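# Examination of the molecular architecture
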6 protein chains.
Amino acid sequence: MRVLLINPNTSEGLTDRLAAAARGAAAAGTTVDCATAPRGVPYISTRSEALVGGLCALEILAERHQDYDAAIVAAFGDPGLGAARELFDIPIVGMSEAGMLTACMLGGRFAIVTFAQALGPWYRECVAWHRLESRCAGIRMLDSTFRSITEVQEEKESLLVDLANRAVAEDEADVVVLAGAPLAGLAAKVRDRIPVPVVDCAAAAVKQAEALIALNPRSAEAGSFRRPGAKESIGIHPALAARIAHRPWS
Amino acid sequence: MRVLLINPNTSEGLTDRLAAAARGAAAAGTTVDCATAPRGVPYISTRSEALVGGLCALEILAERHQDYDAAIVAAFGDPGLGAARELFDIPIVGMSEAGMLTACMLGGRFAIVTFAQALGPWYRECVAWHRLESRCAGIRMLDSTFRSITEVQEEKESLLVDLANRAVAEDEADVVVLAGAPLAGLAAKVRDRIPVPVVDCAAAAVKQAEALIALNPRSAEAGSFRRPGAKESIGIHPALAARIAHRPWS
Amino acid sequence: MRVLLINPNTSEGLTDRLAAAARGAAAAGTTVDCATAPRGVPYISTRSEALVGGLCALEILAERHQDYDAAIVAAFGDPGLGAARELFDIPIVGMSEAGMLTACMLGGRFAIVTFAQALGPWYRECVAWHRLESRCAGIRMLDSTFRSITEVQEEKESLLVDLANRAVAEDEADVVVLAGAPLAGLAAKVRDRIPVPVVDCAAAAVKQAEALIALNPRSAEAGSFRRPGAKESIGIHPALAARIAHRPWS
Amino acid sequence: MRVLLINPNTSEGLTDRLAAAARGAAAAGTTVDCATAPRGVPYISTRSEALVGGLCALEILAERHQDYDAAIVAAFGDPGLGAARELFDIPIVGMSEAGMLTACMLGGRFAIVTFAQALGPWYRECVAWHRLESRCAGIRMLDSTFRSITEVQEEKESLLVDLANRAVAEDEADVVVLAGAPLAGLAAKVRDRIPVPVVDCAAAAVKQAEALIALNPRSAEAGSFRRPGAKESIGIHPALAARIAHRPWS
Amino acid sequence: MRVLLINPNTSEGLTDRLAAAARGAAAAGTTVDCATAPRGVPYISTRSEALVGGLCALEILAERHQDYDAAIVAAFGDPGLGAARELFDIPIVGMSEAGMLTACMLGGRFAIVTFAQALGPWYRECVAWHRLESRCAGIRMLDSTFRSITEVQEEKESLLVDLANRAVAEDEADVVVLAGAPLAGLAAKVRDRIPVPVVDCAAAAVKQAEALIALNPRSAEAGSFRRPGAKESIGIHPALAARIAHRPWS
Amino acid sequence: MRVLLINPNTSEGLTDRLAAAARGAAAAGTTVDCATAPRGVPYISTRSEALVGGLCALEILAERHQDYDAAIVAAFGDPGLGAARELFDIPIVGMSEAGMLTACMLGGRFAIVTFAQALGPWYRECVAWHRLESRCAGIRMLDSTFRSITEVQEEKESLLVDLANRAVAEDEADVVVLAGAPLAGLAAKVRDRIPVPVVDCAAAAVKQAEALIALNPRSAEAGSFRRPGAKESIGIHPALAARIAHRPWS
């Protein structure tokens with residue numbers, strides 16, 4: 001199985017984090033290739049940045065989807081996920097989606113725990129888009145600044161563990177979802193210091209991608225995720241324009 | 001009052017339609033200037049196209065917001081609305097938002113009536129984003145093809161009236177929202193053939209923009225629409241990059 | 001444009017407050033006339049009092065609606081709004097409705113801030129009636145007594161500002177709605193001491209009334225706000241009886 | 001046990017219907033006295049009429065509540081119920097509330113079946129006020145005119161049975177609530193022609209009143225139904241004014 | 001009227017508590033007989049135990065239902081209620097259902113107050129099953145251990161009163177439901193120390209059973225609680241097997 | 001990986017169907033062992049039967065869980081799932097849960113399609129328990145009888161395909177979930193005759209079990225699925241009693 005992990009952030013360091021967590025969970029026969037957004041911000045934390053990152057994800061998919069069995073949009077908040085799912089034929093998994101749906105099998109309500117206040121509004125919209133609000137016990141965010149987006153998980157490890165424990169004790173969460181590409185790989189390290197299951201979203205995403213590949217669903221020709229009809233466009237990335245126009249591209 | 005009406009579609013013909021409807025409803029002292037998306041598709045009807053159009057709206061705002069008292073994102077579905085609202089200090093009104101909220105003052109539940117099946121999925125997500133699902137009696141779409149996006153309202157006028165009447169009779173709608181830039185200006189023409197109030201979204205948007213300007217709200221420094229902190233980016237439109245970085249641009 | 005502002009409370013002092021706030025926001029060509037309830041309590045704060053005030057609003061409308069282009073029910077809680085909307089042909093705007101819908105264009109969730117505990121239950125029912133609960137971050141009320149209903153906004157100004165700030169910090173409100181006729185006009189004064197947009201309901205109501213007049217919607221002949229068929233009654237206000245019976249009255 | 005059944009409609013014929021159904025279900029030691037609204041319409045079917053009827057119910061309660069152990073507001077839609085419950089110390093049961101809550105013990109979702117289209121909007125608001133929408137399979141109304149409000153149940157018996165059967169077959173209702181004072185007593189007659197339990201609201205209301213009397217709950221001194229503080233009023237019914245002012249009245 | 005009160009717990013001491021509370025509230029002509037689960041745990045507090053207790057309730061009903069006019073499943077959480085209701089022809093009342101629905105007539109939102117943390121998850125699912133979440137202000141549980149399940153109401157009386165008062169003050173509950181068979185009979189004792197109505201579930205259940213018997217509803221032959229078609233089984237209690245197979249049993 | 005697939009129905013033929021579908025989707029290193037309920041009915045279709053089947057699932061788990069890395073409760077409706085999840089330390093996957101959550105990654109809303117009317121009520125409660133109602137476009141059931149539970153998928157294949165197509169066309173489903181153990185394995189056969197992705201629940205369940213095993217979550221010591229404290233019981237299956245009492249069993 002060939003899985004394309006798309007990091008809609010521009011930070012290569014995050015891509016490395018994501019790749020390590022995803023490959024660590026992948027099955028023997030699974031290859032995980034990675035792509036990093038060529039435009040945008042090092043780390044998406046707002047609606048505006050998600051718009052930029054989501055469009056980059058579409059462009060990367062337009063260029064490379066034909067070589068893969070499935071793809072992962074690897075930023076919490078799932079930028080561009082719905083658009084990607086309607087436009088391409090391979091299964092597309094969102095990293096937050098995978099984390100939340102996996103959490104649903106481990107308890108009634110999950111808490112989302114992350115490292116920065118700025119992420120709250122966009123994460124909340126993501127939970128709502130997936131219509132999982134009644135499964136979400138809350139979103140907990142650290143309120144301090146951090147030094148480096150690629151090292152924030154080491155820098156804040158014990159604060160994040162405390163925050164997760166508060167989510168369990170005060171919000172009555174049954175499961176903790178560690179959210180955001182910068183926290184990829186952290187769940188395994190803190191597993192024994194939090195009294196409920198902790199989900200690593202990058203790991204969950206690769207397992208869900210494998211599951212969808214194995215189930216081999218056909219692509220939709222009806223319903224709200226059917227591929228839209230061909231349409232001409234101007235001024236957009238040539239591979240994406242070709243895909244929207246139902247034209248070949250190479 | 002100076003209002004910037006942004007058409008996130010690339011069709012100048014639609015900009016003309018929107019401008020006419022907006023100016024027709026504007027108060028004496030209101031100037032409505034228009035901008036048309038330089039990239040994308042003639043008419044947004046999918047999630048992917050909304051992503052492209054939403055980003056264009058941000059870029060246009062980044063270039064021109066300082067000359068206006070308020071702006072309108074003038075495509076049903078409100079592409080980029082949340083992002084625009086967090087990034088800029090002037091009031092930003094979504095055309096579907098304005099249509100739906102105005103409809104709320106004219107009855108309990110509104111029906112959204114539009115001219116093409118392709119628009120359904122994206123419109124449904126828009127209603128959910130605004131959390132107005134319990135006020136929405138349904139979305140009704142014509143299922144036939146049309147010749148020209150700029151002339152579709154003339155071509156389909158009687159079919160749209162029939163559809164609106166079915167929404168009233170079968171979905172128990174109290175109000176009809178005629179949705180989509182191509183239908184701007186239609187409400188006044190069909191007013192007497194539909195037994196409930198009919199809302200023109202472009203007209204509603206300009207009135208709501210005027211209302212917000214008059215109320216003169218401060219811009220948010222807290223809450224989920226506060227302006228995000230300064231951040232560097234790469235490869236994006238220079239005016240937008242400057243805005244995201246809290247740098248002046250001219 | 002001629003707008004009738006109906007104060008369902010018996011306090012003339014409140015009518016003066018409401019008139020000043022409404023006229024301050026009205027457009028150049030708008031005339032705002034006022035009516036004060038001849039029966040009931042100086043200030044509505046309970047379900048029982050809202051029943052009395054709502055009926056007074058209907059009676060005033062029955063007497064005077066023909067001279068106006070729109071009317072405002074100017075008590076938070078919108079007493080009699082649904083009844084008024086089904087019974088009369090002109091647009092009727094509720095003051096709380098206008099405040100809340102306007103707030104929806106300034107952020108995701110609004111807090112309702114008011115000056116007395118007694119108002120909570122009735123306000124909560126009002127939010128539910130409008131089906132805006134998912135847009136409401138909470139209702140915050142002062143718990144102290146006050147000296148005079150017409151001077152409460154001066155007396156409690158700094159406490160109300162503190163309360164609004166708590167709603168922003170603790171309830172994660174994006175917008176503050178200052179609720180209740182006695183707070184009309186306060187928003188402009190406290191604007192700079194609250195870090196999110198603050199909505200003045202009387203001002204919002206007059207802008208929404210103007211918007212509806214400009215849009216010129218037809219009155220409903222179908223749907224749940226169609227005018228009910230003619231019916232005889234006994235013992236009620238003659239103008240209201242005439243309106244219910246579809247009889248002229250002068 | 002002494003129960004006061006208040007008919008907020010002015011039709012004495014309906015009071016007789018209600019009294020017969022209520023007394024037929026009452027326990028041996030229960031006395032059911034009746035009161036008919038002195039003002040308003042023969043049969044409440046709109047929001048406006050419910051406002052009038054609700055206020056009458058308060059006035060009747062203000063005059064007579066001290067002689068009773070509980071009271072029933074005997075119109076579907078429960079006009080004035082919340083106001084009555086906050087203002088008086090005895091248990092107050094709404095006829096629609098009693099019908100719906102009783103139905104909840106007989107199945108998952110109930111259908112409301114009634115005899116006139118005009119009743120739909122007001123009934124729908126009533127279901128929402130009680131927050132029982134997820135238990136309500138739908139509201140079904142006959143669409144024909146009828147000769148006499150007091151004889152409508154005989155005139156339309158077979159049509160109502162057909163309508164109830166459609167609610168079961170098409171809306172998947174588990175229980176049928178026959179709604180409206182004019183249908184009091186009908187459930188027993190049609191019981192064998194509808195394949196699910198059928199609830200008579202007047203009968204249910206008297207049983208619920210008896211249940212509340214037996215349980216002997218204290219009246220609320222806290223919460224959203226605590227009795228409001230004393231307040232002066234002008235121009236309203238003297239018994240109601242006295243009750244609102246915490247003054248004795250006789 | 002003959003009512004069978006089924007205690008799905010194995011503790012006879014609890015059966016005695018339940019019987020006393022139920023008989024204390026029963027009308028003159030009502031006989032309350034009791035049955036205690038022969039298998040399971042002394043007191044159900046988890047989903048697993050509810051499964052065992054629910055099955056016992058079905059077996060007891062299969063053996064004895066023909067001698068009764070109605071039955072009560074007398075454990076908070078209503079184990080087996082839906083199954084019992086679909087399988088037997090007599091009205092079946094759940095003790096938590098009766099408590100919650102009765103509470104709905106005494107205020108807007110009720111708090112559930114109980115004596116042990118372990119009960120929370122199962123109670124929460126019960127509230128959701130009845131779709132009464134929007135009427136539930138919260139579930140409050142003591143967090144200390146107790147000596148004896150049959151004496152816990154005496155041991156914890158003052159702590160439970162404190163907890164109920166906190167539910168009123170902090171969760172804005174209008175009514176308190178004292179939950180769990182071990183608290184049967186407590187409401188009357190603490191009535192004057194809690195400022196809102198307090199519901200005794202065992203007492204409420206017997207009143208609701210009497211109400212349903214008096215209303216004499218037919219059993220469902222359609223809808224989601226119709227009796228399932230005959231089916232053979234293996235290895236289950238012979239009376240239950242007979243009932244499922246539509247075979248007589250004696 | 002060792003997975004225990006528990007068929008809570010007594011039909012060995014269904015176990016064979018389930019085993020074949022699960023093994024067909026399992027990864028190379030996964031062993032799927034099966035267990036069939038020793039008591040109950042050949043095929044669970046009601047709430048009562050689910051109670052029996054759920055208890056059997058707990059007993060089988062109590063006997064065998066120590067030899068497995070994860071278990072599947074392999075009946076649509078997930079009988080006993082919550083109880084199993086709180087009682088045992090290994091991941092437990094419900095077959096309907098797995099089908100529905102997997103469907104969530106393939107579209108916005110799924111339709112549940114099954115072969116018998118009798119299953120509707122129980123399936124609906126299952127969707128609600130998982131709080132996935134807003135993701136469920138509807139439940140569609142054939143209304144004809146069938147000859148054999150183990151052959152129903154061959155007998156009804158074309159009718160089920162028609163039903164799935166109606167769910168897509170009329171209910172606007174984006175994905176079809178073929179529900180019920182008797183339909184295990186059918187999805188692959190009908191894949192090309194339905195225009196949206198079709199999910200096989202048995203296959204989905206084995207993939208989700210593998211995903212959870214790979215993610216290696218700790219078992220909960222807090223939250224609503226923590227293992228309950230030790231408790232004595234009487235009269236229940238010895239392995240289950242031992243598990244509930246925290247006693248070893250072999």
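Each value, and the rule that gives it
Residue numbers run consecutively from 1 along every chain, following the written order of its sequence. Think of it this way: whatever chain is written first is A, whatever ligand is written first is 1, and the rest follow in order. Where totals are concerned, whole chains, interfaces and linings use all residues; where local detail is concerned, this predicted model gives features only for residues with pLDDT of at least 70, and gives and counts side-chain atom pairs only at 80 or more. Note that water and hydrogens are dropped before the side-chain values are worked out from all heavy atoms of the structure. Starting at the N terminus, helices and strands are each numbered in turn, a helix being any DSSP run of H or I of at least four residues and a strand any DSSP run of E of at least two. As defined in this context, the radius of gyration uses C-alpha atoms, and a globule is described by 2.2 Å times the residue total to the power 0.38. Note on contacts: a residue pair qualifies if any of its non-hydrogen atoms lie within 4.5 Å across the two residues. Charge assignment in this entry is limited to Lys and Arg as positive and Asp and Glu as negative, and neither His nor the chain termini are counted. Just so you know, the charge point we use is NZ for Lys, CZ for Arg, CG for Asp and CD for Glu. Note: buried area is the sum, over both parts, of the accessible area (probe 1.4 Å) each one loses when the two are combined. By definition here, a salt bridge exists when the distance from a side-chain nitrogen of Lys or Arg to a carboxyl oxygen of Asp or Glu is within 4 Å. What qualifies as a polar contact is a pair of N or O atoms within 3.5 Å, subject to a donor-acceptor requirement within protein and to the restriction that residues adjacent in sequence count only when both atoms come from side chains. Least-squares superposition aligns the copies on the C-alpha atoms of those residues with pLDDT at or above 70 in both. Criterion used throughout: strands pair if DSSP finds at least two bridges between them. The axes used here are C-alpha line fits, helices contributing only the stretch in contact, and every angle between their N-to-C directions lies in the interval 0 to 180 degrees. Think of it in three bands: with a 1.4 Å probe and only protein chains considered, a residue is buried below 20% of the maximum accessible area for its type, exposed above 50%, and partly exposed in between. When two rings of Phe, Tyr or Trp (its six-membered ring) have centres within 6.5 Å they constitute a pair, described as stacked for plane angles under 30 degrees, edge-to-face for angles over 60, and tilted for the intermediate range.

### Considerations on the overall build of chain A
A count of helical and extended segments in chain A gives ten helices and eight strands. For 250 residues, the compact-globule estimate of 2.2 N^0.38 gives 18 Å, and the C-alpha radius of gyration of chain A, at 18 Å, lies within 12% of that figure. Across its three principal axes, chain A shows a C-alpha extent of roughly 55 × 35 × 35 Å. Counted over contacts in chain A with a minimum sequence separation of 6, partners at least 24 positions apart contribute 70%. The average position of the 25 basic charges and that of the 29 acidic charges among the side chains of chain A differ by 3 Å.

### Observations concerning the interface of chain F and chain A
Contact residues are listed per partner, giving 44 residues for chain F and 44 residues for chain A. Of the roughly 3,700 Å² buried between chain F and chain A on both sides combined, carbon and sulfur atoms contribute 64%. For the chain F face of the interface with chain A, the top three residues by lost area are Met105, Arg191 and Arg218 of chain F, together amounting to 20%. Inspection of the chain F/chain A interface yields zero salt bridges. Linking chain F with chain A are 15 residue pairs in polar contact (both at pLDDT 80 or more), by the criterion used here. Put simply, the parts of the chain that give the side of chain F that touches chain A at least two residues each are α4 (95-104) and α9 (201-215) of chain F. Among the elements that make up the side of chain F that touches chain A, the one with the highest residue count is α9 of chain F (nine residues).

### Focus: the relation of the copies chain F and chain A
Laying chain F over chain A is done by rotating through 180 degrees and shifting 0.0 Å along the axis; what remains is an RMSD of 0.0 Å. Both copies of the chain, as the preceding transformation shows, are related through a two-fold rotation axis. Measuring from the rotation axis to each C-alpha of chain F, the shortest distance belongs to Leu101 of chain F, at 3.1 Å. When you check the interface residues of chain F against chain A, 100% turn up at the interface there too, and the contact is symmetric in its surfaces.

### As for the sheet that holds strand β1 (residues 2-7) of chain F
Sheet strands associate in pairs through backbone hydrogen bonding, adopting either a parallel or an antiparallel arrangement. All names here are of chain F. Judged by pairing direction, the sheet is parallel, and its four strands sit side by side in the order β2-β1-β3-β4 without closing on themselves. The strands lining the two open edges of the sheet, one partner per strand, are β2 (31-36) and β4 (92-94). Within the sheet, the average angular offset between the axes of one strand and its neighbour, ignoring direction, is 25 degrees. As defined by bridge partners, β1 adjoins strand β3 (residues 70-73) across four bridges and the pair is classed as parallel. Bridge assignment links Ile6 to a residue of β3, and that residue is Val73. Against the sheet, helix α1 (residues 12-25) contacts β1 and β2, and its axis sits at roughly 165 degrees relative to β2. Set on the sheet, α4 makes contact with β3 and β4; between it and β4 the angle comes to about 70 degrees.

### Regarding the relation of the copies chain D and chain C
Rotating chain D by 180 degrees and translating it 0.0 Å along the rotation axis places it on chain C, where the RMSD comes to 0.0 Å. Comparing contact sets, 100% of the residues at the interface of chain D also lie at the interface in chain C, consistent with an isologous, same-surface contact.

### Structural notes on the pattern of salt bridges
Counted according to the given criterion, the structure contains 126 salt bridges over all chains. Ionic pairing is found between Glu86 of chain F and Arg47 of chain E, a salt bridge with its closest N-O pair at 2.9 Å. Remark: Arg47 of chain E occurs in helix α2 (residues 47-64) and Glu86 of chain F occurs in helix α3 (residues 81-87); the pair is interchain, linking two chains. For the pair formed by Glu86 of chain F and Arg47 of chain E, the shared burial category is buried. For the salt bridge of Glu155 of chain F with Lys156 of chain F, the shortest nitrogen-to-oxygen distance reads 3.8 Å. Among the residues examined, Lys156 of chain F registers a relative accessible area of 6% and is labelled buried.

### Things to note about the packing of aromatic side chains
Under the defined criterion, the tally for this structure stands at 18 aromatic pairs over all chains. Consider the rings of Phe115 of chain A and Phe146 of chain A, whose centres lie 5.3 Å apart with planes at 80 degrees: the pair is edge-to-face. Placement of Phe115 of chain A in the loop between β5 (110-114) and α5 (120-129) and of Phe146 of chain A in the loop between β6 (136-141) and α6 (152-155) is noted, with a sequence separation of 31 residues between them. By relative accessible area, which is 1% here, Phe115 of chain A ends up buried. Taking the centre distance of 5.5 Å and the plane angle of 45 degrees together, the rings of Tyr43 of chain E and Phe115 of chain E count as tilted. In this pair, Tyr43 of chain E sits in the loop between β2 (31-36) and α2 while Phe115 of chain E sits in the loop between β5 (110-114) and α5 (120-129), placing the two residues 72 residues apart along the sequence. An identical accessibility class is assigned to Tyr43 of chain E and Phe115 of chain E; each is buried.

### A closer look at the interface of chain D and chain C
Facing 42 residues of chain D, the contacting portion of chain C comprises 42 residues. Summed over both partners, the interface of chain D with chain C comes to about 3,100 Å²; 58% of that surface belongs to carbon and sulfur atoms. By the criterion of area lost to chain C, the three top residues of chain D are Arg47, Leu51 and Lys231 of chain D, representing 20% of everything that side buries. At the junction of chain D with chain C, the criterion picks out six salt bridges. Residue Arg131 of chain C pairs with Glu133 of chain D through a salt bridge whose shortest N-O separation is 2.3 Å.

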